[in-house]
Amino acid sequence: MRSSGMLVAEWVEHKECDETFTRNYLLSSGENFSWSGPCGFAGDVDVMGDHETATAFWSCPRCGAEHDVSREVFP
């Protein structure tokens, strides 16, 4: 028997990531440098969904941001 919250479906969709991410660098001078900018990922990703709880999400392979697409999948 399946419990609520168990992943029950996975499919591939083309998605774009609009998150801002920060990269931290250690310069040769010993100083820390941070750069923030848009992720800009666009490509095919695995979307995972649970019909029982009406939730769906995908994780960006570039910046790691998790995107909730429940409203798109379960209107």
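Look up: the structure comes first, before these words.
Given the structure is predicted, the values throughout are model-derived calculations rather than measurements.

### Quick word on the overall build of the protein chain
- The helix and strand inventory of the protein chain stands at one helix and six strands.
- Compactness check: the protein chain gives a C-alpha radius of gyration of 17 Å against a globular reference of 11 Å for 75 residues, more than 25% above the reference.
- Overall size of the protein chain, expressed as C-alpha extent along the three principal axes, is 60 × 25 × 15 Å.
- Total accessible area on the protein chain stands at roughly 5,400 Å², and carbon and sulfur atoms take up 49% of it.

### Focus on the nonpolar core
- Counting residues in each nonpolar core, the largest one holds 10 residues, listed as Cys17, Phe21, Cys39, Phe41, Val45, Val47, Ala56, Trp58, Cys60 and Val69.
- Of all elements in the fold, only strand 4 (42-50) and strand 5 (55-59) reach the threshold of two or more residues within this core.
- Setting aside its immediate chain neighbours within four residues, cysteine 17 contacts Cys39, Gly40, Phe41, Trp58, Cys60, Cys63 and His67.

### Notes on the environment of serine 59
- As for its position among the elements, serine 59 is in strand 5.
- By relative accessible area, serine 59 is classed as partly exposed at 34%.
- In the structure, serine 59 is positioned 50 residues away from alanine 9 in sequence and 15 Å away in space, judged by C-alpha atoms.
- If we skip the residues at most four places from it in the chain, serine 59 touches Ala65 and Glu66.

### A look at the state of the cysteines
- One pass over the structure, following the stated rule, counts zero disulfides.
- The thiol sulfur of cysteine 60 is not disulfide-bonded, and the nearest other cysteine sulfur, from cysteine 39, lies at 3.6 Å.
- On the basis of relative accessible area, cysteine 60 is assigned to the buried category, the value being 4%.

### Notes on the pattern of salt bridges
- Within the structure shown, the criterion is met by two salt bridges.
- One salt bridge connects lysine 15 with glutamate 13, and the closest N-O pair in it is separated by 3.1 Å.
- Classification of glutamate 13 as partly exposed rests on a relative accessible area of 27%.
- A salt bridge links lysine 15 to glutamate 72; the shortest N-O distance between them is 2.8 Å. Pair noted here: lysine 15 is in strand 1 (residues 9-16) and glutamate 72 is in helix 1 (residues 70-73), with a separation of 57 residues, a long-range link.

Thresholds applied
Residues numbered from 1 in each chain as written. Predicted model: local features only at pLDDT ≥ 70, side-chain atom pairs only at ≥ 80, totals over all residues. Heavy atoms only, no water. Helix = DSSP H or I, 4+ residues; strand = E, 2+ residues; numbered from the N terminus. Rg over C-alpha atoms; globule rule 2.2 N^0.38 Å. Areas by Shrake-Rupley, 256 points an atom, 1.4 Å probe, with all protein chains shown as cover. Core = buried A, V, L, I, M, F, W, Y, C linked by side-chain atoms within 4.5 Å. Buried < 20%, exposed > 50% of the residue type's maximum accessible area, 1.4 Å probe, protein only. Contact = heavy atoms within 4.5 Å. Disulfide = S-S within 2.5 Å. Salt bridge = Lys/Arg side-chain N within 4 Å of Asp/Glu carboxyl O.

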